[in-house]
Amino acid sequence: GDSVTQTEGLVTLTKGLPVMLNCTYQTTYSPFLFWYVQHLNEAPKLLLKSSTDNKRTEHQGFYATLHKSSSSFHLQKSSVQLSDSALYFCALSDLGTNTGKLTFGDGTVLTVKP
Amino acid sequence: GPKVLQIPSHQIIDMGQMVTLNCDPVSNHLYFYWYKQILGQQMEFLVNFYNGKVMEKSKLFKDQFSVERPDGSYFTLKIQPTALEDSAVYFCASSLARDYAEQFFGPGTRLTVL
């Protein structure tokens, strides 16, 4: 079955530094990749998504590129802000599910310090 | 933006009792989902519901679980009877389309079974 791996459970950075959160996946089918962000006591919200190989997608200063050759969809930002502190989930869907269900990684807690 | 509401936010019940978790999805959405997250673990797909029917359910969706959305009202998850291992946060999500569509999540219901 599908699986998603996020290698970092916790990332702590100083404001203004760049960040990369890793996401790799496994699926037999053509993949759809998503990044969701969840701030404390709030609902998870879509940050960005992609299904196109080697095309960068951006939103709110965050960006990611789906690389099917390496089964990766890493999330990056060039300069983190205090408000970026949150839980980040990488998620996978694919044409094989026929229902749109999402398979999530374990999540990465990003903490940005002043 | 569109919001998914979940009622209640917290529920504490004794093992063996019945519980109903309520979800008010985005009004024009057609696909509905429940996900389960045990503390410290990844969010996992439970069930997908479309056009009045369960489309797919995971191994976590035990026989004691049921879902319905009578007459376009709340999308509900009922557990009867509850077990200790049902303690988790349950997230409802809805989407307008199936493949590659943004799923809008509610803030979750924290269920504690004693």
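What comes next is a walk through the structure.

### Description of the overall build of chain A
Part 1 of the reasoning: For chain A, the helix and strand inventory stands at zero helices and twelve strands.
Part 2 of the reasoning: Listing each helix as α and each strand as β along chain A from the N terminus yields β-β-β-β-β-β-β-β-β-β-β-β.
Part 3 of the reasoning: Relative to a compact globule of 114 residues, whose C-alpha radius of gyration would be 13 Å, chain A shows 14 Å and is just as compact.
Part 4 of the reasoning: Taking the principal axes of the C-alpha coordinates as reference, chain A spans close to 45 × 30 × 20 Å.
Part 5 of the reasoning: Evaluated residue by residue, chain A yields a buried proportion of 48% over its 114 residues.
Part 6 of the reasoning: Long-range pairs, those at least 24 residues apart, make up 56% of the contacts in chain A between residues at least 6 apart in sequence.

### Side note on the sheet that holds strand S3 (residues 19-21) of chain A
Residues and elements named next belong to chain A.
Part 1 of the reasoning: Spatially, S3-S9-S8-S7 is the arrangement adopted by the four strands of the open sheet, whose pairing is antiparallel. Edge positions in the open sheet fall to S3 and strand S7 (56-59), since each of these has one partner strand only. Between one strand axis and the next, the sheet turns by 20 degrees as a mean value, whatever way the strands run.
Part 2 of the reasoning: Where S7 meets strand S8 (residues 62-65), four bridges bridge the pair, whose relative direction is antiparallel. Within the sheet, the bridge partner assigned to Thr 57 lies in S8 and is Ala 64.

### Let's talk about the state of the cysteines
All names here are of chain A.
Part 1 of the reasoning: One pass over the full model with this rule turns up two disulfides over all chains.
Part 2 of the reasoning: Two residues, Cys 23 and Cys 90, share a disulfide whose sulfurs are 1.9 Å apart. The S-S bond linking Cys 23 to Cys 90 shows a torsion near -60 degrees; that makes this disulfide left-handed. Here Cys 90 lies in strand S10 (residues 86-94) and Cys 23 lies in the loop between S3 and strand S4 (24-26), a separation of 67 residues in the sequence.

### Section: the sheet that holds strand S7 (residues 65-68) of chain B
All names here are of chain B.
Part 1 of the reasoning: Taken in spatial order, the four strands make up an open sheet running S1-S3-S8-S7, and their pairing is antiparallel. Among the strands making up the open sheet, the edge pair consists of strand S1 (5-7) and S7. With strand direction ignored, the average angle separating the axes of adjacent strands in the sheet is 15 degrees.
Part 2 of the reasoning: Summarising the sheet, S1 and strand S3 (residues 19-24) pair through three bridges and their orientation is antiparallel.

### With respect to the layout of surface pockets
Part 1 of the reasoning: In this model, the largest pocket occupies a volume close to 690 Å³.
Part 2 of the reasoning: Lining the largest pocket are 26 residues, and of these A:Gln38, B:Gln37, B:Val89, B:Phe91 and B:Arg110 lie nearest its centre.
Part 3 of the reasoning: Those elements that provide at least two residues to the lining of the largest pocket are S10 of chain A together with strand S9 (88-95) and strand S11 (109-113) of chain B.
Part 4 of the reasoning: Taken together, the residues of the lining of the largest pocket break down into eleven nonpolar, twelve polar and three charged.

### Some details on the interface of chain B and chain A
Part 1 of the reasoning: Every contact between the two is made by 19 residues of chain B and, on the other side, 21 residues of chain A.
Part 2 of the reasoning: For the pair chain B and chain A, the summed buried surface comes to about 1900 Å²; carbon and sulfur atoms form 56% of the total.
Part 3 of the reasoning: For chain B, the biggest contributors to the area lost against chain A are B:Gln42, B:Tyr100 and B:Phe105; these three give 35% of the whole.
Part 4 of the reasoning: Taken together, chain B and chain A are joined by one salt bridge.

### Here's the deal with the nonpolar core
Part 1 of the reasoning: Ranked by size, the top nonpolar core spans 24 residues in total, and within it A:Leu33, A:Trp35, A:Leu47, A:Leu48, A:Leu75 and A:Tyr88 carry the most contacts.
Part 2 of the reasoning: Residue assignment for this core shows that the elements contributing at least two residues are strand S2 (10-14), S3, strand S5 (31-38), strand S6 (45-50), S8, S10 and strand S12 (108-113) of chain A.
Part 3 of the reasoning: Residue contributions to this core peak at four residues, all from S10(A).
Part 4 of the reasoning: Once you skip the residues sitting within four places of it in the chain, A:Leu48 turns out to touch A:Leu33, A:Phe34, A:Trp35, A:Thr57, A:Glu58, A:His59, A:Phe62, A:Tyr63, A:Ala64, A:Phe73 and A:Leu75.
Part 5 of the reasoning: Formed by 23 residues, the second largest nonpolar core is a distinct cluster that contains B:Leu21, B:Cys23, B:Trp34 and B:Val47.

Quick notes on the rules
Residues numbered from 1 in each chain as written. Chains lettered and ligands numbered in written order. Predicted model: local features only at pLDDT ≥ 70, side-chain atom pairs only at ≥ 80, totals over all residues. Heavy atoms only, no water. Helix = DSSP H or I, 4+ residues; strand = E, 2+ residues; numbered from the N terminus. Rg over C-alpha atoms; globule rule 2.2 N^0.38 Å. Buried < 20%, exposed > 50% of the residue type's maximum accessible area, 1.4 Å probe, protein only. Contact = heavy atoms within 4.5 Å. Pairing = 2+ DSSP bridges. Axes fitted to C-alpha atoms, helices over the stretch in contact; angles between N-to-C directions. Disulfide = S-S within 2.5 Å. 1 Å grid on protein atoms, 1.4 Å probe; cavity = no way out; pocket = protein on both sides within 12 Å on 5 of 7 lines; lining within 4 Å. Points joined across faces, edges and corners; volume = space filled by probe spheres on them. Nonpolar A, V, L, I, M, F, W, Y, C, P; charged D, E, K, R; others polar. Buried area = accessible area lost by both parts, 1.4 Å probe. Salt bridge = Lys/Arg side-chain N within 4 Å of Asp/Glu carboxyl O. Core = buried A, V, L, I, M, F, W, Y, C linked by side-chain atoms within 4.5 Å.

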